[in-house]
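Listed below are the residues making up each chain.
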Amino acid sequence: MELAYIPSPSHGVLHLGPIPLRAYAFCIIIGVFVAVWLGNKRWIARGGRSGTVADIAVWAVPFGLVGGRLYHVITDYELYFSPGRDWVDAFKVWQGGLGIWGAIALGALGAWIGARRRGIPMPAYADAVAPGIAFAQAIGRWGNWFNQELYGRETHVPWALHITSSEGGRVPGYYHPTFLYESLWCIGVALLVIWADRRFKLGHGRAFALYVAAYCVGRGWIEYMRVDDAHHILGLRLNDWTALIVFLLAVTYIVVSAKKRPGREAVVEPGVPDGSADGTEGADEAEHKAEDKAEPEAVEATDAAKAAEVAEAKDEAGSATKKS
């Protein structure tokens, strides 16, 4: 008898009359809102306008969803195009199945289009939204919990996930909750990027590259624990190879970029004075402006005092002349 375990929802869909409300979709939507909200705050702090992140997200999110689905369908094509399968299921995104690699790749393309239309440097935008994307992934993984999918090997640890569904070849039992492992890892990645960005003033896409590299490390060991069907190359799952290659590319980018373009972008959005995009000024800038304003005022006060002294001396001289 198991004393403790993580229960699985009996179903992941609620019906509002004829309208199905799917938990998987809600997790994706909530994640997108969190990513845009946090990205907007970071963009303003970098000197950009409020609302720019959302405007570019209008391009990035649809591209990302299409890319994520394409990656999943291509790498797991047998689920949709094998004998006895219905190819129409490839379009049923609400049933689960979004590959993060395709989502990031095509989402970046959409973001590039949106950024180019506004004359914004893509690396700066990527740095701003990187932690938000990690948080969005953390939230989105809970959609897999509602769908009872993407769990790991069988286990009897107190935090084991209890799978109750037998659909799609599932075997009811207790398994490692890899969805939870990845969710927690993504939260850690987001916090790491936020800390490193503040500590080292990352710029020119290096904060985003750090997010990618850190995520790949976690995805590597989490992917190794999963038991769902996947293609293998030299004994490793396809996603493990993808994580390894993308990790090396991200680290290489960080090293090369730091040498070629150290520091951070001075201006991230055309036509916006640095530090005043949201109608406020940084403390240092405000202090400098106050000093600059105070200096001419002090000079004017000194000149006025001297003029008063000269006038007084003239009056005294005139009085002495009259008396004589």
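None of these values were measured; they are calculated from a predicted model.

J.: Tell me about the environment of Asp 55, and please be specific about residues and values.
T.: Looking at where Asp 55 falls in the secondary structure, it is placed in helix α2 (residues 52–75). Considering only alpha carbons, one finds Asp 55 and Ala 115, 60 residues apart in sequence, at a separation of 9.0 Å. Within the structure, the side chain of Asp 55 is placed 2.9 Å from the side chain of Arg 118, a separation counted as a polar contact.

J.: Lay out the side chain of Arg 237 in plain terms, naming residues and giving numbers.
T.: Locating Arg 237 in the fold gives a position in strand β6 (residues 236–237). Its relative accessible area of 5% is what places Arg 237 among the buried residues. Excluding anything up to four places from it in sequence, Arg 237 contacts Glu 223, Arg 226, Val 227, Asp 228, Ala 230, His 231 and His 232.

J.: Quick rundown of the packing of helix α1 (residues 23–45) against α2? Include the residues and the values.
T.: Relative orientation of the contacting elements α1 and α2 amounts to 145°, with a least axis distance of 10 Å. Judged by the twist between their axes, the crossing of α1 over α2 is right-handed. Residues Ile 28, Val 32, Val 36, Gly 39, Asn 40 and Trp 43 of α1 form the contact with α2, whose participating residues are Thr 52, Val 53, Ala 54, Ala 57, Val 61 and Leu 65.

J.: Can you tell me about the side chain of His 204, naming the residues and giving the values?
T.: Residue placement: His 204 occurs in the loop between α7 (178–200) and α8 (206–225). Not counting residues up to four positions away in its chain, the partners in contact with His 204 are Pro 123, Asp 127, Tyr 253, Ser 257, Arg 261, Pro 262, Gly 263, Arg 264 and Glu 265.

J.: Account for unusual backbone geometry, with residues named and values stated.
T.: If you check the backbone angles, Gln 148 has positive phi at about 55° while not being a glycine. Checked against the element boundaries, Gln 148 lands in the loop between α6 (142–146) and β3 (161–163). The residue Leu 234 is not glycine, and still its phi comes out positive at about 55°.

J.: An account of the nonpolar core is requested, with residue identities and associated values reported.
T.: The biggest cluster of nonpolar side chains holds 27 residues, and the ones touching the most others in it are Trp 101, Val 189, Val 193, Phe 208, Tyr 211, Val 212 and Tyr 215. Looking at this core, the elements that each hand over two or more residues are α4 (100–118), α5 (122–140), α7, α8 and α9 (238–260). If you tally residues by element for this core, the top one is α8, at 9 residues. Judged by nonpolar contacts, the second largest core, of 14 residues, contains Ala 60, Ala 111, Tyr 125 and Val 129.

J.: So what's going on with a nonpolar patch on the surface? Residues and values would help.
T.: Taken together, Tyr 77, Phe 81, Trp 87, Val 88 and Phe 91 make up a surface patch of nonpolar side chains, about 580 Å² in accessible area. Looking at the element boundaries, Tyr 77 is found in the loop between α2 and α3 (78–81). We classify Tyr 77 as partly exposed; its relative accessible area is 44%.

J.: Please set out the packing of α8 against α9 residue by residue, giving values where relevant.
T.: Packing of α8 against α9 leaves a shortest axis separation of 8 Å and a crossing angle of 155°. In terms of axis orientation, α8 runs roughly antiparallel to α9. The way α8 lies across α9 gives a crossing that is left-handed. Note on element contacts: α9 touches α8 through Asn 239, Asp 240, Ala 243, Val 246, Phe 247, Ala 250, Val 251, Tyr 253, Ile 254, Ser 257 and Ala 258, opposite Arg 206, Ala 209, Leu 210, Val 212, Ala 213, Cys 216, Val 217, Arg 219, Gly 220, Glu 223 and Tyr 224.

Reading the values: the criteria
- Residues numbered from 1 in each chain as written.
- Predicted model: local features only at pLDDT ≥ 70, side-chain atom pairs only at ≥ 80, totals over all residues.
- Heavy atoms only, no water.
- Helix = DSSP H or I, 4+ residues; strand = E, 2+ residues; numbered from the N terminus.
- Polar contact = N/O pair within 3.5 Å; in protein donor to acceptor, adjacent residues only side chain to side chain.
- Buried < 20%, exposed > 50% of the residue type's maximum accessible area, 1.4 Å probe, protein only.
- Contact = heavy atoms within 4.5 Å.
- Axes fitted to C-alpha atoms, helices over the stretch in contact; angles between N-to-C directions.
- Left-handed = near helix turned anticlockwise from the far one by under 90°.
- Core = buried A, V, L, I, M, F, W, Y, C linked by side-chain atoms within 4.5 Å.
- Patch = residues over 30% accessible without salt bridge, like charges linked within 9 Å, V, L, I, M, F, W, Y side chains within 5 Å.
- Areas by Shrake-Rupley, 256 points an atom, 1.4 Å probe, with all protein chains shown as cover.
- Salt bridge = Lys/Arg side-chain N within 4 Å of Asp/Glu carboxyl O.
- Parallel < 35°, antiparallel > 145°, perpendicular 65-115°, else oblique.

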